Amino acid sequence: MCIRDRVSTQSTGTLGMCMHNLELLFSWQNTVLMATWKQMLGVTVLGVLAQLLCGGNLIGAEYEIPMIGHEFALFPVAYLLVFRNGESYRRYWEGRGFCGQFVGSCRNLARLANAHVVGDGEEVRTFRQNVARLLRVHAIAQRHSLRHCEDSTLEDVRPLLAPWECAEFERVQRNLCQLPMRWLAEEWLGVKRWVTNERVLDQADRLIQDLTEAWMGMHKLATTPMPFPLVQELLMLAWLWMITFPFAFASNYGWASPPFTFILAFGLFGLMAIGSELEDPFGVDPNDLPLEGFEAAAGQASSANGLDWAEDKHGHEEVVPSLEPCLLYTSPSPRDS
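This one's a predicted model, so the numbers in the text were calculated from it and none came from an experiment.

Definitions and cut-offs
- Residues numbered from 1 in each chain as written.
- Predicted model: local features only at pLDDT ≥ 70, side-chain atom pairs only at ≥ 80, totals over all residues.
- Heavy atoms only, no water.
- Helix = DSSP H or I, 4+ residues; strand = E, 2+ residues; numbered from the N terminus.
- Buried < 20%, exposed > 50% of the residue type's maximum accessible area, 1.4 Å probe, protein only.
- Patch = residues over 30% accessible without salt bridge, like charges linked within 9 Å, V, L, I, M, F, W, Y side chains within 5 Å.
- Areas by Shrake-Rupley, 256 points an atom, 1.4 Å probe, with all protein chains shown as cover.
- Salt bridge = Lys/Arg side-chain N within 4 Å of Asp/Glu carboxyl O.
- Axes fitted to C-alpha atoms, helices over the stretch in contact; angles between N-to-C directions.
- Left-handed = near helix turned anticlockwise from the far one by under 90°.
- Contact = heavy atoms within 4.5 Å.
- Nonpolar A, V, L, I, M, F, W, Y, C, P; charged D, E, K, R; others polar.
- Core = buried A, V, L, I, M, F, W, Y, C linked by side-chain atoms within 4.5 Å.
- Phe/Tyr/Trp six-rings, centres within 6.5 Å; stacked < 30°, edge-to-face > 60°.
- Polar contact = N/O pair within 3.5 Å; in protein donor to acceptor, adjacent residues only side chain to side chain.

1. Comments concerning the environment of Leu189
Here Leu189 shows up in helix H7 (residues 178-190). Residue classification places Leu189 among the partly exposed positions, given a relative accessible area of 47%. Sequence-wise, Leu189 and Asp205 are 16 residues apart; in three dimensions their C-alpha atoms are separated by 9.7 Å.

2. Details of unusual backbone geometry
With a phi angle near 60 degrees, His148 is a residue other than glycine that sits in the positive phi range. Checked against the element boundaries, His148 lands in the loop between helix H4 (122-146) and helix H5 (153-157). We note that Asn175 has phi near 55 degrees; this positive angle belongs to a residue other than glycine. Turning to its location among the elements, Asn175 is positioned in the loop between helix H6 (163-172) and H7.

3. As for a nonpolar patch on the surface
Taken together, the side chains of Trp28, Met34, Trp37, Leu41 and Val45 make up a nonpolar region of the molecular surface, amounting to roughly 500 Å² of accessible area. Structurally, the position occupied by Trp37 is in helix H2 (residues 32-54).

4. Some words on the packing of helix H3 (residues 68-115) against helix H9 (residues 228-253)
Running from N to C, H3 and H9 point in directions that differ by 145 degrees, and their axes come no closer than 10 Å. By crossing handedness, the relation of H3 to H9 is classed as left-handed. Two secondary-structure elements touch here, H3 through His70, Ala73, Leu74, Pro76, Val77, Leu80, Leu81, Phe83 and Arg84 and H9 through Leu230, Val231, Glu233, Leu234, Leu237, Ala238, Trp241, Thr244, Phe245 and Ala248. A breakdown of the residues in the contact of H3 with H9 according to their chemical character gives 15 nonpolar, two polar and two charged.

5. Things to note about the nonpolar core
Counting residues in each nonpolar core, the largest one holds 58 residues, and the members touching the most others are Phe102, Leu109, Phe169, Trp188 and Phe282. Looking at this core, the elements with two or more residues in it are H3, H4, H5, H6, H7, helix H8 (198-223) and helix H11 (291-304). Contacts of Trp188, omitting those with residues within four sequence positions, involve Leu109, Leu112, Ala113, Val117, Phe127, Val131, Val195, Val200, Leu201, Ala204 and Ile208. Membership of the second largest hydrophobic core comes to 20 residues, among which are Met40, Val43, Trp241 and Leu268.

6. So, the environment of Ser303
Mapped onto the secondary structure, Ser303 falls in helix H11. Given the relative accessible area of 33%, Ser303 is considered partly exposed. Sequence spacing of Ser303 and Ala110 is 193 residues, and the spatial spacing of their C-alpha atoms is 8.1 Å.

7. Some remarks on the environment of Gly299
You can see Gly299 is positioned in helix H11. Along the primary structure Gly299 and Val103 are separated by 196 residues, whereas in three dimensions their C-alpha atoms are 8.5 Å apart.

8. Remarks on the pattern of salt bridges
Going through the model one piece at a time under the given rule, you end up with 14 salt bridges. Put simply, Arg90 and Glu87 hold a salt bridge, and the shortest N to O gap is 3.2 Å. Within this pair, Arg90 and its partner Glu87 are both found in helix H3, separated by three residues, close to a single helical turn. The salt bridge partner of Glu295 is Arg136, with a shortest N-O separation of 2.7 Å.

9. Things to note about the packing of aromatic side chains
Going through the model one piece at a time under the given rule, you end up with nine aromatic pairs. Where Phe169 meets Trp183, the ring centres are 6.1 Å apart and the plane angle is 50 degrees; that geometry is what we call tilted. Residue Phe169 is located in helix H6, and its partner Trp183 is located in helix H7; the two are separated by 14 residues in the primary sequence. The exposure class assigned to Phe169 is buried, which follows from its relative accessible area of 3%. On the numbers, 4.7 Å between centres and 40 degrees between planes, the contact of Trp239 with Phe269 is tilted. Residue Trp239 is found in helix H9, and its partner Phe269 is found in helix H10 (residues 257-279); the two are separated by 30 residues along the sequence. Trp239 gets classed as partly exposed once you look at its relative accessible area, which sits at 32%. Feature note: the residues Trp241, Phe245, Phe249, Tyr253 and Phe260 constitute an aromatic cluster, connected by ring pairs.

10. Remarks on the side chain of Thr261
Relative to the assigned elements, Thr261 resides in helix H10. In this structure Thr261 comes out as buried when scored by relative accessible area, which is 0%. There is a polar contact of 2.6 Å between the side chain of Thr261 and the backbone oxygen of Ser257. What Thr261 contacts, discounting residues up to four positions off in sequence, is Val43, Thr44, Gly47, Met242, Phe245 and Pro246.

Shown next, in the form of structure tokens:
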């Protein structure tokens, strides 16, 4: 590459970086500005009102409030805010770890089913197809469980289930992720004579346990909010501080009160909005963890290891559409009916 081309490439890269930074700075969708502009506007109007009152334009008398009180009052607000946001981010990152555990377990189960269950017979092919099918059912049930809409789980997974499996879903109604995990374990027991080593069954069982633990960890985060007294105390102190700040600031710095109030409101209310959104990482807010994306990653990982998730007529990722869910493991259970 000649010097001129290198300079041109560097200039293009620098321009692209600048444009990216500008795009980040002036974004509106999915930002704290979009979530907090009403609060920011309200306290800014208070800043204007505070200056009018301070200058005696409305009440005919001036007043002065020392800033020392607000400086000390900011300490508990800052402590609670940092604590709440730190805990919210920890929950978010913990949830991301469980999502990675889910994808990794699906990948390894698919690899075991394809590489360590040998044979070309109908039983082995059916086993592999059922592993892919049940992993998909688990992924859908897990998403509905985390988003508190388990009542609609059966509607989404019905194309993937046999009639007796649908009946089991209707009977259980809650914590539906346990069903495909149980059926997966039974499928592995049904191909015991085709595995390359009995330790493969132990490893498969550990991976199924990992899937269950990942779901339980995510479910814990989705159903256990931050303690209400902590959030209430933070909201009360933050609003009290923000509402009274313009009056003290205006008495000392005049018309600097409205713009400074606007900036502080952006910082305070923005951080509170961030903590609130990160607290539940599995919701449907724009910045929550993309559960559908992790489902797709699990499907791609299974496909890369020999278990394909194809598209069915309902738009779900599924195994071969012509496949009827069938049974290998023949122990006395509801699955025989």
